[in-house]
Amino acid sequence: MSRCKWPNNCSSCSHKFDIMKFIIAIVAVSSFSGTTLAFAPSASSRIATALNAKVGIYYSTQTGNCEIVAEYIAQAAGLEFADIGDVSDDMILGLDSIIVGAPTWNTDEEEERSGTEWDTWLYSSLPKLDLSGKKVAVFGVGDQQSYNDYYCDAAGELYDQFKKCGCTMCGFTSIEGYEHSASKAERDGKFVGLMCDEDNQYDLSEGRAKDWVDQLKGEGFF
Ligand SMILES: Cc1cc2nc3c(=O)[nH]c(=O)nc-3n(C[C@H](O)[C@H](O)[C@H](O)COP(=O)(O)O)c2cc1C
């Protein structure tokens, strides 16, 4: 058979079928990868909200309660969440707004009240980061019955440390509906953020998280 001169003369040789197969394969591969890319979440889209603020949700936990509440918040906001121990400084620096949450285990301590990774992070990582101007909202989990005088104290510590770094603190809530006597997470008769009690009021946490996310939207957090 004479040598193919495609594209000019190939209509008269069997190579035209190979060429057509090749073209079909190219079209198929390019449309498949276009579809894949359209649905694959990039690192930035996972944390970008409808208004394009980059928002991260970070928690730490001993027995899982803080993670449950982080998930309620994440679902309400349409975002992902992560343990603060798994996050790099660069990821934090790339955010516009940050939601942070902790339990309280070290009762009545002045510092390191959380008893989790936060205790290290707040005093070794946070002071090295320039977070001034970033919006921060705090949540906490605690037990208002057994630790009536210390309810969610670690949330107050998170608030103080981020505020000290020049962050704009958002998401204060009413203390109505709780039975504690005292809390280091209160300022001027309000909680410094969302407080949940997975030990005594677990059935209220999801609704509280949804209401709080709505409130944060109203505050321009997202
Ligand atoms: C030894 C111990 C100390 C605690 N101290 C406090 C406290 O001071 N204030 C508080 O609100 N809750 C306190 N709690 C309750 C926990 O904070 C609560 O169960 C929380 O939901 C645990 O969250 P985690 O599962 O995310 O670690 C304490 C619990 C234990 C067992």
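For the structure, see preceding data.
Residues numbered from 1 in each chain as written. Predicted model: local features only at pLDDT ≥ 70, side-chain atom pairs only at ≥ 80, totals over all residues. Heavy atoms only, no water.

## Examining the overall build of the protein chain
Put simply, the rule reads: In DSSP terms, a helix is any run of H or I states spanning at least four residues, a strand is any run of E spanning at least two, and both are numbered starting from the N terminus. Relative accessibility under 20% of the residue-type maximum defines a buried residue, over 50% an exposed one, and the middle range a partly exposed one, all with a 1.4 Å probe and only protein chains included. Any two residues whose heavy atoms approach within 4.5 Å are treated as being in contact. Computed with the Shrake-Rupley method and a 1.4 Å probe, the accessible areas treat only the protein chains shown as cover for residues.
Within the protein chain, the secondary structure is distributed over seven helices and nine strands. For the protein chain, with 222 residues in total, the buried portion stands at 41%. Counted over contacts in the protein chain with a minimum sequence separation of 6, partners at least 24 positions apart contribute 72%. For the protein chain, the accessible surface area stands at approximately 11900 Å², while carbon and sulfur atoms represent 51% of it.

## So, the state of the cysteines
Heads up, the rule is: Our working definition of a disulfide is a cysteine sulfur pair at a distance within 2.5 Å.
Taken as a whole and judged by the stated rule, the model has zero disulfides. Cysteine cysteine 152 remains unbridged, with the sulfur of cysteine 196 as its closest cysteine sulfur at 7.8 Å. We classify cysteine 152 as buried; its relative accessible area is 2%. Sulfur of cysteine 167: no disulfide; nearest cysteine sulfur belongs to cysteine 165 and is 5.9 Å away.

## Quick word on the sheet that holds strand β7 (residues 186-187)
As a reminder of what qualifies: Here a strand pair is declared whenever DSSP counts at least two bridges between the two strands.
In spatial order, the strands read β6-β8-β7; together these three strands make up an open sheet with antiparallel pairing. Each edge of the sheet is formed by a strand with only one pairing partner; in this case those strands are β6 (173-174) and β7. Sheet analysis places β7 next to strand β8 (residues 190-191), joined by two bridges and oriented antiparallel. Paired with glutamate 186 across the bridge in β8 is phenylalanine 191.

## Observations concerning the packing of aromatic side chains
To be explicit about the condition: Pairs were defined over the aromatic rings of Phe, Tyr and Trp, the Trp ring being its six-membered one, requiring ring centres within 6.5 Å. Orientation was assigned from the angle between planes: stacked under 30 degrees, edge-to-face over 60, tilted for the rest.
Summed over the entire model, instances satisfying the criterion amount to nine aromatic pairs. Aromatic side chains tyrosine 59 and phenylalanine 81 sit 5.8 Å apart centroid to centroid with 55° between the ring planes, which places their arrangement in the tilted category. On the criterion of sequence distance, the pair formed by tyrosine 59 in strand β1 (residues 55-59) and phenylalanine 81 in the loop between α3 (65-77) and β2 (82-83) is long-range, its members being 22 residues apart. With centroids separated by 6.4 Å and ring planes inclined at 80°, the aromatic side chains of tryptophan 118 and phenylalanine 162 adopt a geometry described as edge-to-face. Here tryptophan 118, found in helix α5 (residues 118-125), pairs with phenylalanine 162, found in helix α6 (residues 153-164); they are 44 residues apart in sequence, far enough to count as distant. A relative accessible area of 0% means that tryptophan 118 is categorised as buried.

## A few points about the nonpolar core
Spelled out, the test is: Here, nonpolar core refers to any group of buried Ala, Val, Leu, Ile, Met, Phe, Trp, Tyr and Cys residues whose side-chain atoms link them within 4.5 Å.
Counting residues in hydrophobic clusters, the biggest one holds 30 residues, and the most contacted among them are Ile92, Trp118, Trp121, Phe162 and Met195. Those elements giving two or more residues to this core turn out to be β3 (97-103), α5, β4 (135-141) and α6. With five residues, the single largest contributor to this core is α6. Aside from chain neighbours lying at most four places away, what touches methionine 195 is Gly140, Tyr151, Cys152, Ala155, Tyr178, Ala185 and Arg208. Listed in part, the 24 residues of the second largest apolar core include Tyr59, Leu79, Cys170 and Leu194.

## Focus: the pattern of salt bridges
Rule in force here: The term salt bridge refers to a pairing of a side-chain nitrogen on Lys or Arg with a carboxyl oxygen on Asp or Glu at a separation within 4 Å.
Taken as a whole, this structure holds three salt bridges when the rule is applied. Two residues, aspartate 153 and lysine 184, come together in a salt bridge whose shortest N-O distance is 3.2 Å. With aspartate 153 in helix α6 and lysine 184 in the loop between β6 and β7, this residue pair connects regions lying 31 residues apart in the sequence. In this structure aspartate 153 comes out as buried when scored by relative accessible area, which is 0%. Where aspartate 160 meets arginine 187, a salt bridge forms, and the shortest distance between an N and an O atom there is 2.8 Å. One end of the pair, aspartate 160, is in helix α6; the other, arginine 187, is in strand β7, with 27 residues separating them in the sequence. For aspartate 160, a relative accessible area of 31% translates into the label partly exposed.

These figures capture arrangement, not role.
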